[in-house]
Amino acid sequence: MTYETYAGLSREVLLEKVQSVMSDKRFKHVLGVEKAAIHLAELNGYDTEKAGLAGLLHDYAKEVPDQTFLDLIDKYQLDPELKNWNNNVWHGMVGIYKIQEDLGVTDKEILHSIETHTVGSTSMSLLDKIVYVADYIEHNRNFPLVEEARAIAEQDLDRAVAFETVHTVEHLAHQALPIFPQTIETYNAYVGFMREDR
Ligand code: GDP
Ligand code: FE
Ligand code: FE
């Protein structure tokens, strides 16, 4: 794999950098997402290098301290509303600034897919969908619905986005957690794909 085209760094160097900022468990997860993203790219006719690289980097900022995210929101003059959320939302939406600073990744498509990997968006690109779904179905994931999610992802990526979003919203609501507005927008944009007769 030649990630150098998009990151300016080889996969070997990137692996070292990614591994150095996260737990072994999370590193295993990102390798799983890299693999799943490459598979989904093959299935859907997308550039496997871009998909794999986005998968490898998607949780790069997951263990960044909260104060660093708050500082990045100021530094890049992001929507101040973001400050009311937490790491779950920040590691993607704000994490892309940390990735640009630390790794020098500039590819807009890759950065957008990482920005929206947790909350989605109303008009997701093919790469956005690949990363969003790969994160949910990678082989280390183990929750009751994952087998069904994997089967859907083999058949229909839009339906896989819908399935994941419906169950994420359900899961958050069940725990009485706040739901980021963009997650609700993603839900409304994709829920129609759950219908058999669409
Ligand atoms: P991970 O980084 O691989 O663990 O996966 P994600 O980036 O998809 O999600 C991180 C966490 O954010 C998970 O616990 C999700 O349930 C949670 N999450 C996803 N969407 C939302 C949202 O809209 N609001 C809140 N509060 N949490 C969310
Ligand atoms: Fe994540
Ligand atoms: Fe992840």
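Before any of the text, the structure's been laid out above.
## So, the overall build of the protein chain
Helix and strand counts for the protein chain stand at twelve helices and zero strands. Ordered by position in the sequence, the α and β elements of the protein chain form the string α-α-α-α-α-α-α-α-α-α-α-α. Scaling as 2.2 N^0.38, a compact globule of 198 residues should have a C-alpha radius of gyration of about 16 Å, and the protein chain matches this with 16 Å. Seen through its principal axes, the protein chain has C-alpha atoms that stretch 45 × 40 × 30 Å.

## Re the site of ligand 1
Around ligand 1, a shell composed of 15 residues is seen, among which Lys62, Thr118, Arg141, Phe180 and Thr183 lie nearest. Contact between ligand 1 and Thr118: an oxygen atom at 2.7 Å from a side-chain N or O atom of the residue. Note that an oxygen atom of ligand 1 is positioned 2.9 Å from one of the backbone N or O atoms of Phe180. In isolation ligand 1 has 590 Å² of accessible area, and contact with the protein removes 82% of it. Only helix H6 (87–93) and helix H11 (157–174) provide two or more residues apiece to the shell around ligand 1. Among the residues forming the shell around ligand 1, the class breakdown is four nonpolar, seven polar and four charged.

## What to know about the coordination of the iron ion (ligand 3)
When four donors bind a metal tetrahedrally, each ideal donor-metal-donor angle is 109.5 degrees, and when six bind octahedrally, the ideal angles are 90 or 180 degrees. Within the protein, His29 (NE2), His58 (NE2), Asp59 (OD) and Asp135 (OD) serve as the donor atoms for the iron ion (ligand 3), at 2.2 Å. Along the chain, the residues donating to the iron ion (ligand 3) are arranged with the sequence spacing H-x28-H-D-x75-D. A separation of 3.5 Å is found between the iron ion (ligand 3) and the iron ion (ligand 2), which share Asp59 as a coordinating residue. With His29 in helix H3 (residues 24–44) and Asp59 in the loop between helix H4 (48–57) and helix H5 (66–75), the pair connects residues that are 30 residues apart, well separated along the chain. You'll find His29 and Asp59 in the same group, each marked buried.

## With respect to the packing of H3 against helix H9 (residues 126–137)
Across the interface, H3 lies against H9 with an axial gap of 8 Å and an inter-helix angle of 135°. The orientation of H3 relative to H9 falls into the category oblique. Crossing angle aside, the handedness with which H3 passes H9 is right-handed. Contact residues: His29, Val33, Ala36, Ala37, Leu40, Ala41 and Asn44 in H3; Leu126, Ile130, Val133, Ala134, Asp135 and Ile137 in H9. Partitioning the contact of H3 with H9 into residue classes produces ten nonpolar, two polar and one charged.

## Some words on the coordination of the iron ion (ligand 2)
Taken together, Asp59 (OD), His91 (NE2) and His117 (NE2) make up the protein donors of the iron ion (ligand 2), found 2.1 to 2.2 Å from the metal. Sequence spacing among the residues donating to the iron ion (ligand 2) works out to D-x31-H-x25-H.

## A short note on H9
The terminal C-alpha atoms of H9, which comprises twelve residues, lie 16 Å apart, in line with the 16 Å expected from a rise of 1.5 Å per residue. Counting buried positions along H9 yields eleven of twelve residues, so the element is predominantly enclosed. All of the buried residues along H9 are Leu127, Asp128, Lys129, Ile130, Val131, Tyr132, Val133, Ala134, Asp135, Tyr136 and Ile137. Those residues of H9 that are buried lie in contact with H3, H4, helix H8 (108–115), helix H10 (146–155), H11 and helix H12 (181–190).

## So, the packing of aromatic side chains
How two aromatic rings sit relative to each other is set out by the distance from centre to centre and by the angle between their planes. Overall, the coordinates contain five aromatic pairs when judged by the stated rule. On the numbers, 5.0 Å between centres and 90° between planes, the contact of Trp85 with Phe180 is edge-to-face. Separated by 95 residues along the polypeptide, Trp85 in the loop between H5 and H6 and Phe180 in the loop between H11 and H12 bring together distant segments of the chain.

Scoring rules and cut-offs
Residues numbered from 1 in each chain as written. Chains lettered and ligands numbered in written order. Predicted model: local features only at pLDDT ≥ 70, side-chain atom pairs only at ≥ 80, totals over all residues. Heavy atoms only, no water. Helix = DSSP H or I, 4+ residues; strand = E, 2+ residues; numbered from the N terminus. Rg over C-alpha atoms; globule rule 2.2 N^0.38 Å. Near = heavy atom within 4 Å. Polar contact = N/O pair within 3.5 Å; in protein donor to acceptor, adjacent residues only side chain to side chain. Areas by Shrake-Rupley, 256 points an atom, 1.4 Å probe, with all protein chains shown as cover. Nonpolar A, V, L, I, M, F, W, Y, C, P; charged D, E, K, R; others polar. Donors = N, O, S within 2.8 Å, 3.2 Å for Na, K, Ca; no water. Buried < 20%, exposed > 50% of the residue type's maximum accessible area, 1.4 Å probe, protein only. Axes fitted to C-alpha atoms, helices over the stretch in contact; angles between N-to-C directions. Parallel < 35°, antiparallel > 145°, perpendicular 65-115°, else oblique. Left-handed = near helix turned anticlockwise from the far one by under 90°. Contact = heavy atoms within 4.5 Å. Expected span 1.5 Å × (residues − 1). Phe/Tyr/Trp six-rings, centres within 6.5 Å; stacked < 30°, edge-to-face > 60°.

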